[in-house]
Structure formats: structure tokens, C-alpha cells
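# Remarks on the overall topology
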Amino acid sequence: MADPKAWRKFWRTPTAVGAVILLSLLAGASLFGPFFLPTSYGEPSAVSFSPPSWDHPFGTDLNGRDILYRVLSGGRISLLVGICGAMVSLFIGTSYGLLAGYAGGRVDAAMMRVVDVLYSVPRLVFILVCINAFDARLQEYASRMDWTWLVNSSRLVVLIVSLGVIEWLTLARIVRGQTMALKSRQFVVAAEALGQSHVKILLRHLLPNLAGVVMVYLTLTIPAVIIDESFLSFLGLGVQPPQASWGSLLADGASALNPVKIRWWLVVFPGATMALTLLALNFLGDALRDVLDPKS
């Protein structure tokens, strides 16, 4: 773990501070921005394909909906998928790698072969299989339980879980390697000599020393999940209307482009917002790596 001096260095790094500020602004705008805009901006109107203006700073789309409103609303979905998918990946990858590295021997070898097999599974095919296999069943179960919110968001839930399940493999290998290096250290050997249980050694001695590596990798996993979701939504396989994400907005914008009339605002603003978010997350990850792993 980083000491207070390292964190002070973090907050004195311009790129780190800039990344934190930018991410805070983007997250805050996505979460609260639509509440400060007229609700009519999210509904179809007669102002179709209007270029950026004072009334509509980001312009409007085919149905006359305000692009700024839709970019902010889509940011909620994209950030939700990115953060929740990364947390699922974080939990599975950390737990799996920690157990494999601590157990060692044949158990470790068997667990790592499972990871190798999962690496060979095409990501897109896996996610599509999960959506086709579980979306309808989850909707049916939610209907029986009268969970309206889950009925409307079942595809999104399946997408989040499937993205998290496919993203944990690299983290598991990283955590496994760090655990194998840490378990031979004196503080772990001393804990074993004192008769502490394996669970206590894992949670009290090994896991806290892995927090830095896990935190850095988390800042890299969130962009990866956002990009995967955007790619799927761009292909029409991810988030479905009336919900929207940055990827689906880019797909809508790309479908409206033609050589005669280039409606650039439909692609530039959603793409720029997503690019700024991913750039800020990468800068944040670099700064955290310097703080939490000064030797890197």
C-alpha cells in the first residue's frame, strides 16, 4: 500500500488531478445533467437533424431529440455497465487468482488451465450466448416476481454480468503471480507459524498487499468494459431502445451519415465524450501505478 507521501505526490501530479476532475465532471453531468434539462428534450419533436445551436448545443437527431440530453443519459448506461462490469471482474479475478496462487501445486496448475481454456473462447460469441440464454429467462422470472425495473433492464443486467465474467482472466493471472511472491514473505510465514487460518491469512495479510495492483487494474478494466459494451451496442447487440449508451448513439449517428449531408454532430459529440472518459481513466491508471508501484 502507498504511504501518505506517495498520495501527496499523486495529488501534486497534474495529469492525475486533471483526470480526477474530468471524470468527476463527466460522471456528475451524466448523473444529474438530465434533471436540469427539459424532459421534452428526450422526446421526439419536429426539429429533426438540427445542427448545434443555443437551444440545442449538441444538435438533434432524426427524431428531433436533443443530442446533449441523450449523451448525458447514455453516459449513465455506459458508466454503469463499465463500473459494474469491472466490479464483477474484480471480484472473480481477485478471488480466483488469490486462491490459485496461495494453494499452489496441482490446484494452481488446474485452475490456470481453466483460465487458458477460457482465454480461447471468443469474447463476442460468449456474450451473445449469455444474452440469448439468460435474457428471456431473467425477464420471465422478473415478471413472476413483479420486478418491473428488472423486466425493462434484464438485457442490461445480463450484459453487465457477461462482460464482467469474460474480463477477469488477466486480473486472475496478475493476482496469482503477486500472491505466489507474497506467500513466501516473512509476515506470511510468521502468520502460518502462529497457527492462523488460511482464510485469515488470505484476507488479513495477502489481500491488503494486493490492493494497489487490483486498484490499478480496475482503472484499466472499466475502459475495456465500456469499449466492449459500445462495440456491441454499435452492432445493435447490446443496449436496446428506448435505453441508449454512447455506443448506440454512435451507431445511430453513423447510420445517418451520407455523402450528401454529413451530420457530424451525431457522431462527434458522443464519440468525444466517450474518448475523454477513456482517456481520463487511462491517465488515472498511470498515476495510480506510479503511486502504488513506484518501481514500475
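Residues numbered from 1 in each chain as written. Predicted model: local features only at pLDDT ≥ 70, side-chain atom pairs only at ≥ 80, totals over all residues. Heavy atoms only, no water.

### A word on the overall build of the protein
The line we're drawing: The helix and strand labels rest on DSSP assignments: H or I over at least four residues marks a helix, E over at least two residues marks a strand, and numbering proceeds from the N terminus. Categorising residues by exposure relies on relative accessible area from a 1.4 Å probe, with only protein chains included: less than 20% of the type maximum marks a residue as buried, more than 50% marks it as exposed, and the intermediate range marks it as partly exposed. Only heavy atoms enter the contact rule, under which two residues are in contact if any of them lie within 4.5 Å. Per-residue and other accessible areas were derived by the Shrake-Rupley procedure at a 1.4 Å probe size, with only the shown protein chains allowed to occlude residues.
A tally of helices and strands in the protein yields eleven helices and zero strands. What you see in the protein, going N to C, is helices and strands ordered as α-α-α-α-α-α-α-α-α-α-α. Along the first, second and third principal axes, the C-alpha atoms of the protein reach 75 × 50 × 40 Å. For the protein, with 296 residues in total, the buried portion stands at 43%. Considering only intrachain contacts with a sequence separation of at least 6, the fraction spanning at least 24 residues in the protein is 71%. Of the accessible surface of the protein, which amounts to about 15900 Å², a share of 68% is contributed by carbon and sulfur atoms.

### Points about a positive patch on the surface
Test applied: What makes a patch is a set of residues exposed beyond 30% relative accessible area and free of salt bridges, joined within 9 Å when like-charged and within 5 Å when nonpolar (Val, Leu, Ile, Met, Phe, Trp, Tyr). For salt bridges, the criterion is a side-chain nitrogen of Lys or Arg within 4 Å of an Asp or Glu carboxyl oxygen. Charged-residue counts in this description rest on Lys and Arg as positive and Asp and Glu as negative, His and the chain ends being excluded. Charged groups are reduced to one reference atom each: NZ for lysine, CZ for arginine, CG for aspartic acid, CD for glutamic acid.
A contiguous patch of positive charge on the surface is contributed by Lys5, Arg8, Lys9 and Arg12. The class of arginine 12 is exposed, set by a relative accessible area of 61%.

### What about the nonpolar core?
Our working definition: Only buried Ala, Val, Leu, Ile, Met, Phe, Trp, Tyr and Cys residues count toward a nonpolar core, and they belong to the same one when joined by side-chain atoms within 4.5 Å.
Phe10, Leu206 and Ile226 are the most contacted members of the largest nonpolar core, which has 44 residues in total. Residue assignment for this core shows that the elements contributing at least two residues are helix H2 (14-32), helix H3 (67-103), helix H7 (169-182), helix H8 (186-193), helix H9 (198-234), helix H10 (246-256) and helix H11 (265-292). Once you skip the residues sitting within four places of it in the chain, phenylalanine 10 turns out to touch Ala16, Val17, Val20, Leu284, Ala287, Leu288 and Val291. Membership of the second largest hydrophobic core comes to 13 residues, among which are Val81, Ile131, Ile160 and Leu163.

### Remarks on unusual backbone geometry
Residue phenylalanine 49 is not a glycine yet carries a positive backbone phi of 50°. Residue classification places phenylalanine 49 among the buried positions, given a relative accessible area of 19%. One non-glycine residue with positive phi stands out, namely aspartate 146, at about 60°. Note that aspartate 146 resides in the loop between helix H5 (123-144) and helix H6 (148-166).

### A closer look at the side chain of arginine 65
With respect to the helices and strands, the residue arginine 65 is situated in the loop between H2 and H3. Classification of arginine 65 by relative accessible area gives buried; the value is 19%. Beyond its immediate chain neighbours, meaning those up to four positions away, arginine 65 contacts Tyr41, Gly42, Glu43, Pro44, Gly59, Thr60 and Arg70.

### Structural notes on the packing of aromatic side chains
Two aromatic rings are characterised by how far apart their centres lie and by the angle between their planes. Stated precisely, the cut-off is as follows: Note on aromatic pairs: the rings of Phe, Tyr and Trp (six-membered ring only in Trp) are paired at centre separations within 6.5 Å, and the planes decide the class, stacked below 30 degrees, edge-to-face beyond 60, tilted for the rest. Two conditions define a charge located above a ring, namely a distance within 6 Å from the ring centre to NZ of Lys or CZ of Arg, and an angle within 35 degrees of the ring normal.
Enumeration according to the criterion identifies five aromatic pairs in this entry. Here tyrosine 141 and tryptophan 147 contribute two aromatic rings whose centre-to-centre distance is 5.7 Å and whose plane-to-plane angle is 80°, an arrangement assigned as edge-to-face. Taken together through their ring pairs, the aromatic side chains of Phe58, Trp264, Trp265 and Phe269 make up a single cluster. Sitting above the plane of the phenylalanine 35 ring, arginine 76 keeps its charged end 5.0 Å from the centroid. Geometry around phenylalanine 49 places arginine 263 over its ring, the cationic atom sitting 3.9 Å from the centre.

### Remarks on the pattern of salt bridges
Between side chains of opposite charge, a pair can form when the charged atoms approach closely. The final tally for this structure, using the stated rule, is eleven salt bridges. A salt bridge links arginine 113 to aspartate 116, with the shortest nitrogen-to-oxygen separation between them at 2.9 Å. Of this pair, arginine 113 and aspartate 116 both sit in helix H4 (residues 105-119), three residues apart, which is roughly one turn of that helix. Relative accessible area serves as the criterion here: at 46%, arginine 113 is assigned to the partly exposed category. Three or more residues are tied together by salt bridges with common partners; here these are Asp61, Arg65, Arg70 and Asp252.

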